[in-house]
Amino acid sequence: MKNVLVVYYTQSGQVVEIAQNVVRKLEKSSKIHVSYHKVKPVNNYNFPWKKDNFFDVFPESFLQIPCKLEEPQPDVLTKKYDLVILAYQIWYLTPSIPINSFLKSDEAKVLLKDTPVITVIGCRNMWIQAQEKMKVLLNKVQAKLV
Ligand SMILES: Cc1cc2nc3c(=O)[nH]c(=O)nc-3n(C[C@H](O)[C@H](O)[C@H](O)COP(=O)(O)O)c2cc1C
């Protein structure tokens, strides 16, 4: 049995829908078990955005300043996985604040060390700079981007 974990954050539901489409075939296999972990900021970013809030997150997004996250479910994040699928959105040419915060957490360091990671992006087609930043974040936790 192979264990796959989907780590994601979503505001509108788009990113998780994309991730679910990606793993649909894996979920049908009797040899693969797929679990999900949603990253949850303590102060959630409400959707739809108010104009001021939308522009207010620009500095923290672009400078990659993390926010506080809720404690993760211990049963999901204390295991090791054969594959982690990291589904994320771009905010201002950067991995979104919740995803950046997760990658800088102690849990991510344990979870992702030496683990193959596939990244899946939901965005509006301006993503290359963000994926370059993602490579650095994954490198810092010694994940294996595949
Ligand atoms: C604050 C903010 C900044 C964004 N910046 C970018 C960007 O730089 N490049 C891009 O392609 N999309 C950008 N987007 C679009 C999101 O990546 C896209 O809407 C994504 O699907 C959101 O997924 P979610 O609703 O599941 O969280 C931005 C969206 C928000 C809310």
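Let me begin by describing the structure that accompanies this report. Nothing here was measured: the structure is a model prediction, and the numbers come from that model.

Procedures and definitions
- Here the residue numbering is sequential within each chain, running from 1 through the sequence in written order.
- Two thresholds apply to this predicted model, a pLDDT of at least 70 for residue-level local features and 80 or more for giving and counting side-chain atom pairs, whereas whole-chain, interface and lining totals are computed over all residues.
- The numbering of helices and of strands both runs from the N terminus, where a helix is a DSSP run of H or I of at least 4 residues and a strand a run of E of at least 2.
- C-alpha atoms define the radius of gyration, and 2.2 Å times the number of residues to the power 0.38 defines the globule rule.
- Multiplying 1.5 Å by the residue count of a helix minus one yields the expected span of that helix.
- Partly exposed residues are those whose C-beta has more than 12 but fewer than 20 other C-beta atoms within 10 Å; with 20 or more the residue is buried, with 12 or fewer it is exposed, and the C-beta atoms are placed from the backbone.
- Think of the arc as the fan of directions from the helix axis to the C-beta atoms.
- Any two strands are treated as partners once DSSP identifies two or more bridges connecting them.
- Whether a crossover is right-handed depends on one test, that the path from the first strand over the helix to the second runs clockwise when the strands point away from the viewer.
- Buried Ala, Val, Leu, Ile, Met, Phe, Trp, Tyr and Cys residues form a nonpolar core when they are connected through C-beta atoms within 7 Å.
- For every residue pair, C-beta atoms are placed from the backbone, and the pair is scored as a contact if these atoms sit within 7 Å.
- In this analysis, residues qualify as near a molecule or strand once their C-beta atom, positioned from backbone atoms, comes within 6 Å of it.
- Each residue is assigned to one class: nonpolar for Ala, Val, Leu, Ile, Met, Phe, Trp, Tyr, Cys and Pro, charged for Asp, Glu, Lys and Arg, and polar for all the others, Gly among them.

Here we come to the overall build of the protein. Helices and strands together make up the secondary structure of the protein, namely seven helices and six strands. Ordered by position in the sequence, the α and β elements of the protein form the string β-α-β-α-α-α-β-β-α-α-β-α-β. Expected size for 146 residues packed as a compact globule is a radius of gyration near 15 Å; at 15 Å, the protein falls within 12% of this value. Projected onto its principal axes, the C-alpha positions of the protein cover 45 × 30 × 30 Å.

It is worth spelling out helix α7 (residues 128–140) at this point. With 13 residues, α7 extends 19 Å from end C-alpha to end C-alpha; this agrees with the ideal 18 Å at 1.5 Å per step. Listed in full, the buried residues belonging to α7 are Ala130, Met134, Leu137 and Leu138. When α7 is viewed along its axis, its buried side chains cluster within an angular range of 95° and face the same direction. Along α7, exposed side chains directed more than 90 degrees from the buried face belong to Ile128, Glu132, Val136 and Asn139.

The amide bond that connects phenylalanine 47 to the next residue, proline 48, takes the cis arrangement and shows omega of 0°. Along the chain, the position of proline 48 falls in the loop between β2 (32–38) and α2 (51–56). Positive phi, close to 60°, is recorded for glutamine 64, a residue that is not glycine. If you trace the backbone, glutamine 64 turns up in the loop between α3 (58–62) and α4 (74–77). Taking the C-beta count within 10 Å as the criterion, glutamine 64 has 16 such neighbours and is therefore assigned partly exposed. With a phi angle near 60°, aspartate 114 is a residue other than glycine that sits in the positive phi range.

Both faces of the sheet carry side chains from a regular strand, because those side chains alternate between them. Burial analysis of strand β1 (residues 2–8) places five of its seven residues in the buried class, the great majority of the element. Direction of pairing for β1 relative to β2: parallel, over a ladder of seven bridges. Bridging from a neighbouring strand, tyrosine 8 pairs with lysine 38 of β2. With respect to chirality, the unit in which β1 leads through helix α1 (residues 14–28) into the neighbouring parallel β2 is right-handed. The pairing of β1 with strand β3 (residues 83–91) spans five bridges and is classified as parallel. Bridge assignment links valine 6 to a residue of β3, and that residue is isoleucine 85.

Bringing the nonpolar core into the picture now. Val6, Val7, Tyr8, Val84 and Ala87 are the most contacted members of the largest nonpolar core, which totals 33 residues. Where this core is concerned, the elements lending two or more residues are β1, α1, β3, α5 (97–103), α6 (106–112) and α7. With residues near it in sequence (within four places) discarded, valine 7 still touches His37, Val39, Val84, Leu86 and Phe102.

Below, the discussion takes up the site of the ligand. Neighbouring the ligand are 20 residues, the closest being Thr10, Ser12, Val15, Cys123 and Met126. Counting residues per element, the ones that place at least two in the shell around the ligand are α1 and β3. When residues of the shell around the ligand are assigned to their parent elements, the largest contribution, three residues, is made by β3. Classifying every residue of the shell around the ligand by side-chain character gives eleven nonpolar, eight polar and one charged.

We now examine the pairing of strand β5 (residues 116–122). Here β3 pairs with β5 via six bridges, running parallel. Paired with glutamine 89 across the strands is glycine 122, a residue of β5. When β5 meets strand β6 (residues 144–145), the two strands line up parallel, connected through two bridges. From the neighbouring strand, valine 117 faces β6, where its bridge partner is leucine 145.

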